[in-house]
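Coordinates in review
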Amino acid sequence: MTGSVASAPNANKALWEKGDFTRIAASMRESGEELVGTLGVTPGMEILDLGCGDGTTAVPAARSGGNVLGVDIAANLVAAGNARAREEGLSNLYFRDGDASDLRGIEDNRFDLVISIFGAMFAPRPFDVAREMVRVTSAGGRIVMGNWIPGDPTLIAQVLKISAAFTPPPPESFVSPITWGMEDNVRARFAAAGVAPAEIGVEKASYRFRLSAPPATLLDTFRHYYGPTMNAYEAATNAGREDELHAELLALFESENQGGPGLTDIAASYLKVTVTKGRS
Ligand SMILES: C[S@@+](CC[C@H](N)C(=O)[O-])C[C@H]1O[C@@H](n2cnc3c(N)ncnc32)[C@H](O)[C@@H]1O
């Protein structure tokens, strides 16, 4: 056989580069800042933000003085993050391409804090993801993950559920990202990476999506810029079910909204996972 072998297209990367998550992230900044405010970031702390998008948590972590590396599979989001770092004059913040399930090139034990808010949960091979996060965390360091919860009645869990119902089924080998929102899976994946049960904490927490526009505008943003929802609309349109999908999602966005007239303020529950890497 002659010639080079073309590498298989990366569906995970294509899904996130298809849209523009910066448009959704704009409604999530306050919660990102609040969450980082609880993490005890101190000047000089070495921080990895995995599946960082354009820096909803990486930017506030760097503003607090951490030396932050943002890693994301989507080249457009890496570029958007680096543009934000430049605009803010944050020389302690840098974004680069990478896959949470294979962090080769990043040395063992490098980070005091590894953050992954609705990021690494979307990577393939969850056991590899847990192993890689533990590997790059320093002894005594922490991992903090945010994961959407399957079956939860609030916004994003339901957006993913409804979107999946209108999208062709994934390959059999596909492990659903939302399985990261189940405590038993979290424990099994970190246990396999060598973490003791007592070092794994889980609690339910909440993120807010806020916009100075009605919920229909936020849904429009998901429709045009959020990969999983874009795919659902495409499939629904091809099946002649676009109106059905739109009505279901609009009812969800409107019923979850707590904002006043013309405003969006929607709380979405997630599983907050905190792992401490033992010193032995
Ligand atoms: C829902 S967004 C969250 C972004 C960011 N953490 C935030 O809170 O705004 C999911 C992010 O995970 C990234 N992602 C998906 N799969 C990934 C993978 N295998 N490795 C690294 N990042 C990944 C996507 O590109 C996207 O930026």
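One structure accompanies this document, and this report is about it. Here the structure is a predicted model, which means the values were calculated and not measured.

**Notes on the overall build of the chain**
The helix and strand tally for the chain stands at 11 helices and seven strands. Taken over C-alpha atoms, the radius of gyration comes to 19 Å for the chain, in line with the 19 Å a tight globule of 280 residues would show. Taken over the C-alpha atoms alone, the chain extends approximately 60 × 55 × 40 Å along its principal axes. For the chain, the residues scored as buried account for 42% of the 280 residues in total. The long-range share in the chain, meaning contacts at least 24 apart out of those at least 6 apart in sequence, stands at 74%.

**Notes on unusual backbone geometry**
Its identity as a non-glycine residue notwithstanding, N109 has a phi of 60 degrees, on the positive side. Residue placement: N109 occurs in the loop between β3 (93–97) and β4 (111–117). When the 15 C-beta atoms within 10 Å are taken as the criterion, N109 is described as partly exposed. With phi around 55 degrees, F118 is a residue other than glycine that occupies positive phi space. If you trace the backbone, F118 turns up in the loop between β4 and α6 (126–136). The class for F118 is buried, based on 22 C-beta atoms found within 10 Å.

**Here's the deal with the packing of helix α9 (residues 215–225) against helix α10 (residues 227–238)**
Look at α9 against α10: their axes get within 6 Å of each other, and the N-to-C directions meet at 80 degrees. One finds that α9 runs roughly perpendicular with respect to α10. Counted together, F222, R223 and H224 of α9 and T229, M230 and Y233 of α10 form the full contact between these two elements. Here the residues of the contact of α9 with α10 sort into three nonpolar, two polar and one charged.

**A few points about the nonpolar core**
Generally speaking, soluble globular proteins have nonpolar side chains that are buried together. With 75 residues, the main nonpolar core has I47, L48, L50, A61, V114, A120 and M133 as its most contacted residues. Among the elements that make up this core, the one with the highest residue count is strand β7 (residues 264–276) (six residues). Once residues lying within four places of it in the same chain are set aside, the contact partners of L48 are L69, V71, F111, V114 and V136.

**Examining the site of the ligand**
The ligand sits among 23 residues. The nearest are W16, G51, G53, T56 and A123. For the shell around the ligand, the per-class residue count stands at 13 nonpolar, eight polar and two charged.

**Some remarks on the sheet that holds β4**
Pairing is mixed in the open sheet, where seven strands are placed in the order β3-β2-β1-β4-β5-β7-β6. The two strands at the open ends of the sheet, each matched to only one other strand, are β3 and β6 (200–211). Across the sheet, the mean angle separating the axes of adjacent strands is 20 degrees when strand polarity is ignored. Pairing between strand β5 (residues 137–148) and β7: seven bridges, direction antiparallel.

**Focus: the environment of G201**
Topologically, G201 is positioned in strand β6. We classify G201 as partly exposed; it has 13 C-beta atoms within 10 Å. Between the alpha carbons of G201 and F111 there is a distance of 19 Å; along the sequence they are 90 residues apart.

**Things to note about the pairing of β3**
Examined bridge by bridge, strand β2 (residues 67–72) and β3 share five bridges and lie parallel to one another. Looking at the pairing, D72 lines up with D97 of β3. In this region the chain leaves β2, passes through helix α5 (residues 75–87) and returns to the parallel neighbour β3; the handedness of that crossover is right-handed.

**A closer look at the environment of D152**
Position of D152 among the secondary structure elements: in the loop between β5 and α7 (155–166). Separated by 71 residues in the primary sequence, D152 and G81 have C-alpha atoms spaced 30 Å apart. With residues up to four places along the chain from it excluded, the contact list for D152 reads A157 and S269.

**Here we look at the packing of α6 against helix α8 (residues 183–192)**
At a minimum axis distance of 8 Å, the contact between α6 and α8 shows a crossing angle of 55 degrees. The pairing of α6 with α8 is recorded here as oblique in orientation. As α6 runs across α8, the sense of the crossing is right-handed. Residues P126, F127, A130 and V134 of α6 pack against R189, F190 and A192 of α8.

**Some words on α8**
Within α8 the residues assigned to the buried category are V186, R189 and F190. The arc enclosing the buried residues of α8, seen along the axis, measures out at 90 degrees, which places them on a common side. As for α8, its buried residues are in contact with α6, β6 and β7. Positive backbone phi, approximately 95 degrees, marks G194, located one or two places after α8.

Rules used in this analysis
For every chain, the first residue of its written sequence is number 1, and the numbers climb from 1 along that sequence. With pLDDT at 70 or above as the cut-off, local features in this predicted model cover only qualifying residues; side-chain atom pairs require 80 or more to be listed or tallied, and sums for whole chains, interfaces and linings still use all residues. To qualify as a helix, a DSSP run of H or I must reach at least 4 residues; to qualify as a strand, a run of E must reach at least 2; elements of each kind are numbered from the N terminus. Just to be clear, the radius of gyration here is over C-alpha atoms, and the globule rule we use is 2.2 Å times residues to the power 0.38. To sort residues by burial, count the other C-beta atoms lying within 10 Å of each one's C-beta; a count of 20 or more means buried, 12 or fewer means exposed, and anything in between means partly exposed. C-beta atoms are built from the backbone. What counts as a contact is two residues whose backbone-derived C-beta atoms lie within 7 Å of each other. Comment: axis = line fitted to C-alpha atoms, over the contacting stretch for helices; angle = value between 0 and 180 degrees taken between N-to-C directions. For classification purposes, angles smaller than 35 degrees are called roughly parallel, those larger than 145 roughly antiparallel, those between 65 and 115 roughly perpendicular, and all remaining angles oblique. Ten residue types, Ala, Val, Leu, Ile, Met, Phe, Trp, Tyr, Cys and Pro, are classed as nonpolar, four, Asp, Glu, Lys and Arg, as charged, and the remainder, Gly among them, as polar. The nonpolar core is taken to be a set of buried Ala, Val, Leu, Ile, Met, Phe, Trp, Tyr and Cys residues joined by way of C-beta atoms within 7 Å. Near residues are defined by distance alone, with the backbone-placed C-beta atom required to lie within 6 Å of the molecule or strand. At least two bridges found by DSSP between two strands is the condition for calling them paired. Whether a crossover is right-handed depends on one test, that the path from the first strand over the helix to the second runs clockwise when the strands point away from the viewer. The sense of a crossing depends on the near helix, which, turned anticlockwise from the far helix by less than a right angle, makes the crossing left-handed and, turned clockwise, makes it right-handed. Starting at the helix axis, one direction is taken to each C-beta atom, and the arc is that of these directions.

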